[in-house]
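Observations on the three-dimensional arrangement
The residues making up each chain are set out below.
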Amino acid sequence: MITYECDGVKMPKIRKRDTSSWIRHVAAYYGKRVGEIGYMFVNDDKILEVNRQYLQHDYYTDIITFDYDEGDTINGDLVISLDTVKSNSEMFGKEYEEELFRVIIHGILHLCGINDKAPGEREIMEEAEDKALQCRTDYITSK
């Protein structure tokens with residue numbers, strides 16, 4: 001089950017059923033099943049609070065992924081700052097919706113085992129994000 005909640009922000013305009021189907025499709029591509037996934041959309045103040053409390057990091061970020069995977073079933077809580085998504089979309093010259101879906105799938109890719117911290121991993125993550133976003137575009141246009 002995939003849930004979408006918000007705290008201190010307005011729920012972004014996403015088609016939850018389509019987004020959940022896309023997430024399941026991407027997970028299946030990596031040989032994973034979707035268990036319990038919880039998205040929480042927040043503002044910068046809240047993500048900074050979560051970052052400090054749970055990770056001892058004192059900075060803003062677009063997403064924090066808490067991984068509770070069990071074997072080939074992905075489970076996790078994903079906290080997304082809509083403020084940072086918006087500022088990143090402006091900084092990178094991307095549409096807000098594209099950046100939002102990039103961040104949404106970024107957390108899922110982490111749960112599927114793709115990392116982005118070590119040398120060379122960022123490029124692998126970006127390639128996986130691009131492939132997943134193209135899959136989403138293909139899915140939407142086929143409806």
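In the block above lies the structure referred to throughout.
The notes below deal with the structure included here. All residue numbers refer to position in the chain's written sequence, counted from 1. Restriction of local features to residues with pLDDT of at least 70 applies here, the model being predicted, together with a cutoff of 80 or more for giving and counting side-chain atom pairs; totals for whole chains, interfaces and linings are based on all residues. With hydrogens and water excluded, all non-hydrogen atoms of the structure serve as input to the side-chain values.

**Here's the deal with the sheet that holds strand 1 (residues 2–7)**
One open sheet holds the four strands; their spatial order is 1-2-4-3, and the pairing between them is mixed. Every other strand in the sheet has two partners, leaving strand 1 and strand 3 (63–67) as the edge strands with one partner each. On average, each strand axis in the sheet is inclined to that of its neighbour by 15°, with strand direction left out of account. At least two DSSP bridges between two strands are needed for those strands to be called paired. Elements are defined by DSSP. Helices are runs of H or I of four residues or more, strands are runs of E of two residues or more, and each kind is numbered from the N terminus. In the sheet, strand 3 pairs with strand 4 (residues 73–81) via five bridges, with the strands oriented antiparallel. Each residue of the ladder has a partner; that of I63, found in strand 4, is I80. Note on contacts: a residue pair is in contact if any heavy atoms of the two residues lie within 4.5 Å. Angles here are taken between N-to-C directions and fall from 0 to 180 degrees, while the axes themselves are lines fitted to C-alpha atoms, restricted in helices to the stretch in contact. Strands strand 1, strand 2 (33–42), strand 3 and strand 4 of the sheet are contacted by helix 2 (residues 44–55), whose axis makes an angle of about 40° with strand 3.

**Quick word on the packing of helix 3 (residues 82–92) against helix 4 (residues 96–111)**
At a minimum axis distance of 9 Å, the contact between helix 3 and helix 4 shows a crossing angle of 120°. As judged from the angle between their axes, helix 3 and helix 4 are oblique. Considering only the axes of helix 3 and helix 4, their crossing is right-handed. Packed against helix 3, whose contacting residues are L82, V85, K86, N88, S89 and F92, the element helix 4 presents Y96, E99, L100 and V103 at the interface. Asp, Glu, Lys and Arg are counted as charged, while Ala, Val, Leu, Ile, Met, Phe, Trp, Tyr, Cys and Pro are counted as nonpolar; the rest, among them Gly, fall into the polar class. Grouping the amino acids of the contact of helix 3 with helix 4 by side-chain chemistry returns six nonpolar, two polar and two charged. Here the word oblique covers every angle except those under 35 degrees (roughly parallel), over 145 (roughly antiparallel) and from 65 to 115 (roughly perpendicular). The sense of a crossing depends on the near helix, which, turned anticlockwise from the far helix by less than a right angle, makes the crossing left-handed and, turned clockwise, makes it right-handed.

**Brief notes about the packing of aromatic side chains**
Pairing of aromatic side chains requires ring centres within 6.5 Å, counting the rings of Phe and Tyr and the six-membered ring of Trp. Pairs whose planes differ by under 30 degrees are stacked, by over 60 edge-to-face, and all others tilted. In this structure the tally under the stated criterion is five aromatic pairs. The interplanar angle of 75° and the centroid separation of 5.8 Å between the aromatic rings of W22 and F101 together place this pair among those described as edge-to-face. Highlighted residues: W22 in helix 1 (residues 16–29) and F101 in helix 4, separated in sequence by 79 residues. Residue class for F101 comes out buried when judged on its relative accessible area of 3%. Their ring planes at 85° and their centres at 5.0 Å tell us that Y29 and Y30 sit as a pair that is edge-to-face. Pairwise contacts between aromatic rings join Y4, Y39 and F41 into one cluster. Only protein chains enter the accessibility calculation, which uses a 1.4 Å probe; a residue is then buried when its area is under 20% of its type maximum, exposed when over 50%, and partly exposed in between.

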